[in-house]
Structures are given as C-alpha cells and as structure tokens.
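Here is what each chain is made of, one letter per residue.
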There are 2 protein chains.
Amino acid sequence: MRHPATTSATAPSSYTPTDRTVPTRSRERASYDRELVHSILDGAYLCHLGFVRDGAPVVLPTMYGRVGERLYVHGSTGSRPLRTIRAADPGLPVCLTVTHVDALVLARSAFHHSLNYRSVVVHGTATTVTDPEELRIALDSIVDQAVPGRSQDARPANAKELAATAVIRLDLDEVSAKVRTGGPNDEPEDLALPHWTGIVPLTRGHARPVPADDLDPAVGIPDYLHAL
Amino acid sequence: MRHPATTSATAPSSYTPTDRTVPTRSRERASYDRELVHSILDGAYLCHLGFVRDGAPVVLPTMYGRVGERLYVHGSTGSRPLRTIRAADPGLPVCLTVTHVDALVLARSAFHHSLNYRSVVVHGTATTVTDPEELRIALDSIVDQAVPGRSQDARPANAKELAATAVIRLDLDEVSAKVRTGGPNDEPEDLALPHWTGIVPLTRGHARPVPADDLDPAVGIPDYLHAL
C-alpha cells in the first residue's frame, strides 16, 4: 500500500547495502531492489520480529502493514515487546523478517537439498506511533495487509481501544531481500544416481469464508473476500 | 521424529514455564504441553532463528529438524550466524520460533481482527554439533522434516560436504506454545453492525512434483512424495 505522505517520487530504485545486509555467502541470492522488497512484503501479513531483552534474543510472530517506506507492527500496550520498546529511548533495535516458501528442492545429494524462497530482512530502530492520524493510517494498513479493503468495512477503533493499542514503526532503510528459484544444483558426478530429483511447489490459498454464528444471514460475503 | 537416545520415557508431559515463556497478556493462549509443542514443530520445517550480533537482533529463516527433545538447525560453516555461534563460548543465546497461520479472523470492529495461529517459541543456548554420529542424525532429521523418508533416498554427505556443513543444536527446555482458535470476539454493542464477520481458513499444500530436466524419465515419483 502506498501513501503519498511517505513515498517519495524520487526514491532510488534500490536500498543501499550495509555490512549487515550483505550476506557472507550465497551473495547472488541477495537483492536490494526496492520493488522486489515491496512485492515480497506485500505478499504477506505475518512477520517475525526480533528484539533483545535482558541481553537475549526474542522472536515473535506478529502482523504488520506497509505504507510506503514504513512498516507498522501491531501490539498491545501491555505486551512485553511493546513495553520493551517504549522503555527504550530513543527506540529499540529490531530485526523484522518476512519469508515465503515457494518450493521444496530435492537434489540427488542430501547436501544440495534446499528451499525455493523469498525473504526480506529489515534492520532498524522501532519507535512507537503517537500521532493520532498516523496511528489511524497504521491500524488501517495492518488490517488491509491481510484483507485489502477490509478497513473500510469494520468499525474503527474507539478511544478506549486506541488507548489499549500500541503500534510501532520501522522505516525501510537497511533492507535486503534474498531469493532462491529454480531446480536442484546437483554435482556432475551425482547425475547418474537413481534418486528422484526436482522440486515440489508449495501452494497457499484461502478457503471459503465461514460466517460467525451470530452473523445476520442477510449479510453476504463481501467482494473483497471473493478477491482474496 | 523420535530418537531413542534423546527421548526419555519419563519426560514430564509439560515444559516448565519460566519468566520469559509466560506471556504478559493472552495467557489463556499459552501452553507448555509437550505433545502440543511437538505437533506444532513437526508440522513445519522452516523456523525463524534469532540471535544477537554486535548488540542488535538478527532474525533469519532457516530449516530445522526435531529429534526427540533436540532441534537441529542447518547452516554453512561460512555463514554469519554459524560463525557467530562458533565464536560464542560455551554457546550462543538464541530464540527459535515456528508459526502456522490457520485462519484470518474478521471481527465487526477493526480492533478485534486477529489470526488463528499455532506458534512455538524456544529460548536457549545453541551449540554446534561436532560428534560425527550426531551430525549424521541431525542432517537426516533436517531433510526428513520437510519430506519424511527422503534422507534414505539421497546420497549422504561426503567428507568434503560434512566439512562445509555446520549444524547447531538447541534443546527443548524453555519452550512455550501459543494457540488461537475459534471465531471473532466482538463486543456485545457491535453485534448489530452491518459488517461481515467470521473467519477465512487458510490452506497450504504441495502441488504435483516437477522432475528436474536431467532426471531419467524411468525414475518415477517416489511414494514418500505422494504421501506429502
């Protein structure tokens, strides 16, 4: 999702690599292309957010939304990650990772087994969103990330709910994508081995929506759910 | 996968909660049940592994295998996480997280939108596997985690490949699961709102295997792929 306030028409087409976004191996799989990064992020709504608490790493699954060059991550004001972030001044170092697995890759050798995947890793400093207008945009983006259009067909958060909601922001700045595609890379001397080799594509999809028991049967399935 | 050497017949049925495995909110979703934890881990093969490097968190997607109460994570000896772990003595604090998303949960209010999910978070100290027999078991477990039975139908790693492979071990000790199921939890005062409410189940599966171009057509699709 794009939002004019946060997207510059003159943004360069690539993110600038840094020491920690350049992998030490499989460098050919790394990319800093902005459109690729956006497309990987926009194809998901769940990320794994890492932060450090008492010197040890913590990795939690959580929902996010993208608005231009900003990611928003949702939480409760009472939850541990959000309390940790609010206690950090001026912000908390985080690492946010999004991964799609596209296929299992079966080589003739155990060593060359792999996955086809697309991932994005974002390093940065998370800050809490306090501006009411930005908070509204952020919350809409998180709902719409999973179900595009849904934020316009739900009751917006009221004051009490907003007070119980914390949203953190992470700017897309130190970012890399990593992509593996294609078939197995067997060693030449293994080609005559009798083992099946190839890929097993993975499928993902949405099943038919299941209405809540208390939904008025007159409310049909909205178009934005058919479009999923 | 169970391995006699690492599974005690007298293991208690639950992991012991600790300060960092007891959530500060939604405690009713947390579980320490060993069978539940195993079932969530056994239904996946990709985890997000978090560690701390230069004081900042790093979260990387990677494959794993479970053998009894041990998780094995695969890497290259030249990769940054594995180098970081080998440089840490006696081991590196990590957090390993596995998440299944089962359904989108659409409430009448934006605030109560959620996901149905099952996740496991493991905290602990990762060590590198050096024993040759354990290394073989670990590598087989990682291949079999994604495709049960495949390790017996592939050329095992040779000495050169073993030297280029690093496997880290993380014991299942400080572990929790978190599960959300069911429909939306709308506020009573929202029940008359006109918005569709319910869940959208998510589907995952394997498509038909695609043989490599150089595979002898006489090699048919093995039973363990049909069974996926």
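We now turn to the structure provided with this report. Model, not experiment: these values are computed from the prediction.

## A word on the interface of chain A and chain B
Taken residue by residue, the interface counts 87 residues in chain A and 86 residues in chain B. Interface area for chain A against chain B, summed over the two sides, is near 7000 Å², with a carbon-plus-sulfur share of 64%. Counting every contact that joins chain A to chain B gives four salt bridges. Between A:R155 and B:D190 there is a salt bridge, with the nearest N and O atoms lying 2.7 Å from each other. Counting across the chain A and chain B interface gives 29 residue pairs in polar contact (both at pLDDT 80 or more). In terms of residues, the side of chain A that touches chain B owes the most to one element, strand 9 (residues 198-206) of chain A, which gives nine residues. By the bridge criterion, five bridges tie strand 9 of chain A to strand 9 (residues 198-206) of chain B in an arrangement that is antiparallel. Looking across to strand 9 of chain B, one finds that A:T203 is bridged to B:G205.

## Here's the deal with the relation of the copies chain A and chain B
Of the transformation placing chain A onto chain B, the axial shift is 0.0 Å and the rotation is 180°, giving an RMSD of 0.0 Å. Expressed as an axis order, the relation between the two copies is that of a two-fold axis. The C-alpha atom lying nearest the rotation axis in chain A is that of A:R204; the distance is 2.3 Å. Here 99% of the interface residues in chain A have copies in chain B that are interface residues too; the copies meet face to matching face.

## With respect to the side chain of B:D153
Within the fold, B:D153 resides in the loop between helix 3 (132-146) and helix 4 (159-164). Classification of B:D153 as buried rests on a relative accessible area of 18%. A polar atom in the side chain of B:D153 sits 2.4 Å from the side chain of B:Y224. Contact partners of B:D153, with chain neighbours within four places excluded, come to A:H195, A:W196, B:P222 and B:Y224.

What counts, and at which threshold
- Residues numbered from 1 in each chain as written.
- Chains lettered and ligands numbered in written order.
- Predicted model: local features only at pLDDT ≥ 70, side-chain atom pairs only at ≥ 80, totals over all residues.
- Heavy atoms only, no water.
- Contact = heavy atoms within 4.5 Å.
- Buried area = accessible area lost by both parts, 1.4 Å probe.
- Salt bridge = Lys/Arg side-chain N within 4 Å of Asp/Glu carboxyl O.
- Polar contact = N/O pair within 3.5 Å; in protein donor to acceptor, adjacent residues only side chain to side chain.
- Helix = DSSP H or I, 4+ residues; strand = E, 2+ residues; numbered from the N terminus.
- Pairing = 2+ DSSP bridges.
- Least-squares fit on C-alpha atoms with pLDDT ≥ 70 in both.
- Buried < 20%, exposed > 50% of the residue type's maximum accessible area, 1.4 Å probe, protein only.

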